[in-house]
Amino acid sequence: MTEDQRIRIEAAAFRTLLSHLAYRSDVQNIDMMGHTGFCRNCLADWYQKAAADEGVAIDKTDARAAIYGMSGDVWKEKFQQPATDAQMALMKQSLQKNEGRGF
């Protein structure tokens, strides 16, 4: 596999992930954080950092829109539910596992 092919394959996989996350708007960010240690906002932060590493300035609002397929505020209004105590506790445990990872 060439470097160019690898980049195209990774980009296609990332676009598929974004499409899947858009389809699964029923899955809350807090549940993703609790079970996987990352969420849509994390992806947006990573997207923003990757852009900056390439010399492209993207603000947090635009990065989140790129990940959510809409503004973060619109997504919250349409799909976000209040977090339960159990969700918050699981997320806190998951974040502790991520400490020191540099994400």
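A.B. asks: Help me out: how do you make sense of the packing of helix α1 (residues 3–23) against helix α3 (residues 40–53) in this one?
C.D. replies: Two numbers describe a pair of packed helices, the interaxial angle and the distance between the axes. Relative orientation of the contacting elements α1 and α3 amounts to 150°, with a least axis distance of 12 Å. By the angle between their axes, α1 is roughly antiparallel relative to α3. Regarding α1 and α3, the two cross each other, and that crossing is left-handed. Of α3, the residues touching α1 (which contributes F14, L17 and L21) are R40, L43 and Y47. Each residue belonging to the contact of α1 with α3 can be placed in one class, and the counts come to 5 nonpolar, no polar and 1 charged.

A.B. asks: Explain the nonpolar core to me, please; I cannot follow it from the model alone.
C.D. replies: The tendency in soluble globular proteins is for nonpolar side chains to be buried as a group. Of all hydrophobic cores here, the largest spans 12 residues; its members are L18, L21, I30, M32, M33, C39, C42, L43, A44, A63, I67 and M91. The contact partners of C39, leaving out residues within four places of it in the chain, are N29, M32 and M33.

A.B. asks: Sorry if this is basic, but what is going on with the state of the cysteines here?
C.D. replies: Covalent bonding between the sulfur atoms of two cysteines defines a disulfide. Under the counting rule described, the total for this entry stands at 0 disulfides. Here C39 is not disulfide-linked; the sulfur of C42 is the nearest cysteine sulfur, at 4.0 Å. Assessed through its relative accessible area of 5%, C39 is described here as buried. Judged by its relative accessible area of 17%, C42 is buried.

Scoring rules and cut-offs
Residues numbered from 1 in each chain as written. Predicted model: local features only at pLDDT ≥ 70, side-chain atom pairs only at ≥ 80, totals over all residues. Heavy atoms only, no water. Axes fitted to C-alpha atoms, helices over the stretch in contact; angles between N-to-C directions. Helix = DSSP H or I, 4+ residues; strand = E, 2+ residues; numbered from the N terminus. Parallel < 35°, antiparallel > 145°, perpendicular 65-115°, else oblique. Left-handed = near helix turned anticlockwise from the far one by under 90°. Contact = heavy atoms within 4.5 Å. Nonpolar A, V, L, I, M, F, W, Y, C, P; charged D, E, K, R; others polar. Core = buried A, V, L, I, M, F, W, Y, C linked by side-chain atoms within 4.5 Å. Buried < 20%, exposed > 50% of the residue type's maximum accessible area, 1.4 Å probe, protein only. Disulfide = S-S within 2.5 Å.

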